[in-house]
Amino acid sequence: MQGLAAWLYATPLSETMRSSLWLYPWVEIVHIAGFALLVGSVAMFDLRLLGCGRALPVRALARHLLPWSLGSLLLVVPAGLLMFSAQPQDFLANRVFWLKLGLIALAGLNAGLFHLGPYRGVAAWDVQRPAPGLARLHAALSLLLWIAVICCGRLLAYT
């Protein structure tokens, strides 16, 4: 992996990310804006599952918010890769970076398990009914994981 990081560090893209006064901050702004869209839409859905706004149909909310969550990845992933390209060796040596990646993977796994599990029975609790306990557990875990990802992202600037 260190060989790949050294190669990436030597690329013109990496050099441009390091040498441009404004490029890295603008890429970071795009990354943060994308994360705001991602976590905001996920949080709205999770809060609905936790009992807020029971008048909102869960399926309709999912149809509305899921495209925003997925679309935000078009901002978050490329911007994150660009920032990584600026100092790949530093990121790879940083435990907070690895924790952030692990938390993102867990959040994705949690979302997948929710959609393969409790969400399949959503018709029974779509409107005006509390979500089942397992769905609420997934929602609470989702909120905690995404907050932890945000914390790790901020800590990267200081570690």
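Refer to the preceding data block for the structure.
Residues numbered from 1 in each chain as written. Predicted model: local features only at pLDDT ≥ 70, side-chain atom pairs only at ≥ 80, totals over all residues. Heavy atoms only, no water.

1. Some details on the state of the cysteines
Here is step 1 of the chain: Here the structure, examined in full by the defined rule, presents zero disulfides.
Here is step 2 of the chain: Cys 151 provides the cysteine sulfur closest to Cys 152, a residue in no disulfide bond, and the two sulfurs are 7.0 Å apart.
Here is step 3 of the chain: Judged by relative accessible area, which is 5%, Cys 152 ranks as buried. (Disulfide = S-S within 2.5 Å. Buried < 20%, exposed > 50% of the residue type's maximum accessible area, 1.4 Å probe, protein only.)

2. Observations regarding the packing of helix H2 (residues 12-19) against helix H4 (residues 58-86)
If you want to describe how two helices pack, look at the angle between their axes and the distance between the axes.
Here is step 1 of the chain: Put simply, H2 and H4 touch, their axes get as near as 8 Å, and they point 85 degrees apart. Judged on the interaxial angle alone, H4 and H2 are roughly perpendicular. Of the residues in H4, those in contact with Leu 13, Ser 14, Met 17 and Arg 18 of H2 are Leu 82, Met 83, Ser 85 and Ala 86.
Here is step 2 of the chain: Counted by class, the contact of H2 with H4 contains five nonpolar, two polar and one charged residues. (Axes fitted to C-alpha atoms, helices over the stretch in contact; angles between N-to-C directions. Helix = DSSP H or I, 4+ residues; strand = E, 2+ residues; numbered from the N terminus. Parallel < 35°, antiparallel > 145°, perpendicular 65-115°, else oblique. Contact = heavy atoms within 4.5 Å. Nonpolar A, V, L, I, M, F, W, Y, C, P; charged D, E, K, R; others polar.)

3. What about the packing of aromatic side chains?
Here is step 1 of the chain: Scanning the model with the defined rule gives seven aromatic pairs in all.
Here is step 2 of the chain: Arranged with centres 5.6 Å apart and planes meeting at 20 degrees, the rings of Phe 84 and Phe 97 form a pair that is stacked. Highlighted residues: Phe 84 in helix H4 and Phe 97 in helix H6 (residues 95-116), separated in sequence by 13 residues. Neither Phe 84 nor Phe 97 differs from the other in exposure class; each is buried.
Here is step 3 of the chain: Residues Phe 91 and Phe 97 carry aromatic rings whose centres are separated by 5.3 Å and whose planes lie at 55 degrees to one another, so their mutual orientation is tilted.
Here is step 4 of the chain: Classification of Phe 91 as buried rests on a relative accessible area of 17%.
Here is step 5 of the chain: Residue class for Phe 97 comes out buried when judged on its relative accessible area of 12%. (Phe/Tyr/Trp six-rings, centres within 6.5 Å; stacked < 30°, edge-to-face > 60°.)

4. Some thoughts on helix H7 (residues 133-155)
Here is step 1 of the chain: Taking 1.5 Å as the rise per residue, H7 with 23 residues should run 33 Å; its terminal C-alpha atoms sit 33 Å apart, in good agreement.
Here is step 2 of the chain: Residues of H7 that are buried include every one of Ala 135, His 138, Ala 139, Ser 142, Leu 143, Leu 145, Trp 146, Val 149 and Cys 152, and no others.
Here is step 3 of the chain: On its buried side, H7 packs onto helix H3 (23-49) and H6. (Expected span 1.5 Å × (residues − 1).)

5. Examining the packing of H3 against H7
Here is step 1 of the chain: Interaxial distance between H3 and H7 falls to 9 Å at its minimum, and their mutual angle equals 160 degrees. As summarised for this structure, H3 and H7 are arranged roughly antiparallel, according to the angle between their axes. As H3 packs across H7, the resulting crossing turns out to be left-handed. Only Ala 135, Arg 136, Ala 139, Ser 142, Leu 143, Trp 146, Val 149, Ile 150 and Arg 154 of H7 make contact with H3, whose side of the interface consists of Glu 28, Phe 35, Leu 38, Val 39, Val 42, Ala 43, Asp 46, Leu 47 and Leu 49.
Here is step 2 of the chain: Its residues placed into classes, the contact of H3 with H7 shows 13 nonpolar, one polar and four charged. (Left-handed = near helix turned anticlockwise from the far one by under 90°.)

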